[in-house]
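# Fold and contact review
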Amino acid sequence: MTSPFDLTGTTAVVTGASRGIGFAMALALAEAGADIIGVSSSMPSAGSAVEDAVRGAGKQFDGYAVDLADRAAVVDLGTALAARAPDILVNNAGTIARTPAIDHPVDDWDRVLEVNLTSQFVLTQLVARPMLARGRGKVIFTASLLSFQGGINVPGYTAAKSGIAGLTKALANEWAALGVNVNAIAPGYIATDNTSALRADPARSAAILERIPAGRWGDAADLGGAVVFLASSAADYVHGAVIPVDGGWLGR
Ligand SMILES: NC(=O)c1ccc[n+]([C@@H]2O[C@H](COP(=O)([O-])OP(=O)(O)OC[C@H]3O[C@@H](n4cnc5c(N)ncnc54)[C@H](OP(=O)(O)O)[C@@H]3O)[C@@H](O)[C@H]2O)c1
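Each chain carries its own residue numbering, running from 1 in the direction its sequence is written. Local features in this predicted model are restricted to residues whose pLDDT is 70 or higher, and side-chain atom pairs enter the listing and the counts only when it is 80 or higher, whereas totals over whole chains, interfaces and linings include all residues.

This paragraph deals with the pairing of strand S6 (residues 180–187). Residue burial is a threshold on neighbouring C-beta atoms within 10 Å of the residue's own C-beta, all placed from the backbone, with 20 or more meaning buried, 12 or fewer meaning exposed, and counts in between meaning partly exposed. To qualify as a helix, a DSSP run of H or I must reach at least 4 residues; to qualify as a strand, a run of E must reach at least 2; elements of each kind are numbered from the N terminus. Most of S6 is tucked away: eight of the eight residues are buried. Because side chains alternate across S6, one face comprises the buried residues Val180, Val182, Ala184 and Ala186, and the other comprises Asn181, Asn183, Ile185 and Pro187, equally buried. Assessed by its sense of winding, the connection that carries the chain from strand S5 (residues 137–142) through helix H5 (residues 155–175) to S6 is right-handed. When DSSP finds two or more bridges between a pair of strands, those strands are recorded as paired. Bridge analysis of S6 against strand S7 (residues 242–245) gives four bridges, and the strand direction is parallel. For crossovers, right-handed means that the path from the first strand over the helix to the second runs clockwise, given strands pointing away from the viewer.

Of all six residues making up strand S2 (residues 35–40), six are buried, and the element is well covered by its neighbours. Side chains Asp35, Ile37 and Val39 project from S2 onto one buried face, and the interleaved Ile36, Gly38 and Ser40 project onto a second face that is buried too. Note that strand S1 (residues 11–15) and S2 share five bridges and pair parallel. Bridged to threonine 15 within S2 is valine 39. In the classification by handedness, the crossover that spans S1, the intervening helix H1 (residues 20–31) and the parallel S2 is right-handed. The sheet contact formed by S2 and strand S3 (residues 61–65) spans five bridges and is parallel. Its bridge partner being in S3, isoleucine 36 is matched across the sheet by phenylalanine 61. In this fold, S2 hands off to helix H2 (residues 49–56), which returns the chain to S3; that crossover is right-handed.

Right, let's talk about the nonpolar core for a bit. For our purposes the nonpolar core covers buried Ala, Val, Leu, Ile, Met, Phe, Trp, Tyr and Cys residues that link as a set through C-beta atoms within 7 Å. The biggest cluster of nonpolar side chains holds 67 residues, and the ones touching the most others in it are Val13, Met25, Ala26, Leu29, Ile36 and Val227. What counts as a contact is two residues whose backbone-derived C-beta atoms lie within 7 Å of each other. If near-sequence neighbours (up to four positions away) are discounted, valine 227 is found in contact with Met25, Ala28, Leu29, Val90, Ile140 and Ile185.

In this section: the site of the ligand. The environment of the ligand is made up of 28 residues, and the closest members are Gly16, Gly20, Ser40, Gly94 and Asn194. Looking at which element gives the most residues to the shell around the ligand, the answer is H1, with three residues. Residues are sorted three ways: Asp, Glu, Lys and Arg are charged, Ala, Val, Leu, Ile, Met, Phe, Trp, Tyr, Cys and Pro are nonpolar, and all the rest, Gly among them, are polar. Class assignment for the residues of the shell around the ligand results in 10 nonpolar, 15 polar and three charged. Placing a C-beta atom from the backbone of each residue, we mark the residue near a molecule or strand if the atom is within 6 Å of it.

Moving on: the sheet that holds S3. A sheet is described by the order of its strands in space; here seven strands give the open sequence S3-S2-S1-S4-S5-S6-S7, paired in parallel fashion. Unpaired on one side and paired on the other, S3 and S7 mark the two borders of the sheet. Averaged over all pairs of adjacent strands, the angle between strand axes in this sheet comes to 20°, irrespective of strand direction. For helices, the fitted line uses only the C-alpha atoms of the stretch in contact; every axis is such a line through C-alpha atoms, and the angle between N-to-C directions lies from 0 to 180 degrees. Seen against the sheet, H5 touches S5, S6 and S7 and runs at an angle of roughly 165° to S6.

A few words now on H5. With 21 residues, H5 extends 30 Å from end C-alpha to end C-alpha; this agrees with the ideal 30 Å at 1.5 Å per step. Among all positions in H5, only Pro155, Gly156, Tyr157, Thr158, Ala160, Lys161, Ile164, Leu167, Thr168, Leu171 and Trp175 are buried. As for H5, its buried residues are in contact with helix H4 (106–134), S5, S6 and S7. Each helix should span, by expectation, one fewer than its residue count multiplied by 1.5 Å.

With that out of the way, let us pick up H1. For H1, with 12 residues, the first-to-last C-alpha span of 17 Å sits near the 16 Å given by 1.5 Å per residue. What H1 keeps buried is the set Gly20, Ile21, Gly22, Phe23, Ala24, Met25, Ala26, Leu27, Ala28, Leu29 and Ala30. With its phi angle positive at about 120°, glycine 33 sits one or two positions after the end of H1.

Where helix H3 (residues 71–84) meets H4, the closest approach of the two axes is 8 Å, and the angle between their N-to-C directions is 20°. Judged by the angle between their axes, H3 and H4 are roughly parallel. For the element pair H3 and H4, the recorded crossing hand is right-handed. Judged by residue contacts, Arg71, Val74, Val75, Leu77, Gly78, Thr79, Leu81 and Ala82 of H3 engage Ser119, Val122, Leu123, Leu126, Val127, Arg129 and Pro130 from H4. When the residues that make up the contact of H3 with H4 are grouped by side-chain class, the tally is 10 nonpolar, three polar and two charged. Here roughly perpendicular refers to angles of 65 to 115 degrees, roughly parallel to angles under 35, roughly antiparallel to angles over 145, and oblique to all remaining angles. In this scheme the handedness of a crossing depends on how the near helix is turned from the far one: anticlockwise by less than a right angle means left-handed, clockwise means right-handed.

Function-wise, these values are silent; they only describe arrangement.
Here it is, written out as structure tokens:
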């Protein structure tokens, strides 16, 4: 019997696939059977580490280098991807700017909102259109604990990630009856480049670790199970959910 988690025959777009969580998600989706289209600002069209990993899992890989802060480039990307009619879109790429709110540069605010929220809406509109036309598709966002909490020194990031939680529910309300699932994964504190500044600060690092019930920082690979689940037919009745994968952080 075929597993409900089997993604054989599907194609998944993963943004931010060059490293960190996106890399791990791309590999997990490939190991579940999906071919991968990987996007990031520095993604080579061939020869990336994530391509090696995906091909090592026996699946196809195409890379697109696109700066998601460039609205016109995002529209071009979305148009090109829509023509390929992928089954799964993982909006994972993200950036962060850490400065106390009172001095937070508005340019940083604008860039973070553009990459972490607006570009994802624009890309999703374009890629979801063929999904809606055929009545099948999976859209998955990478949210954050800061979709639920305020954070410290990252007002733009928190605003964007709180927006992602709202957008997930807004799109799900419109598209659930049309066969397209829209959900999000909220990672906890995961050891990637995104959190290197926190881990380099001994006091912040210790305070964060002390509060995580699982007693460890997350690894990017910890996100693999949730993304495969949400991309699969096992999640066909899951709509508008923001699923924490956080070592228990939100439960405290
Ligand atoms: N790490 C955590 O604890 C944590 C927690 C909650 C949520 N998240 C979220 O998880 C997602 C992945 O983060 P991560 O921890 O894996 O961070 P990361 O290691 O810094 O990776 C970020 C990824 O996003 C891509 N990216 C950044 N800016 C981009 C742009 N302007 N255009 C295109 N691609 C861009 C990067 O591409 P290049 O390599 O080409 O620059 C890279 O592939 C983000 O949305 C982040 O907010 C992370």
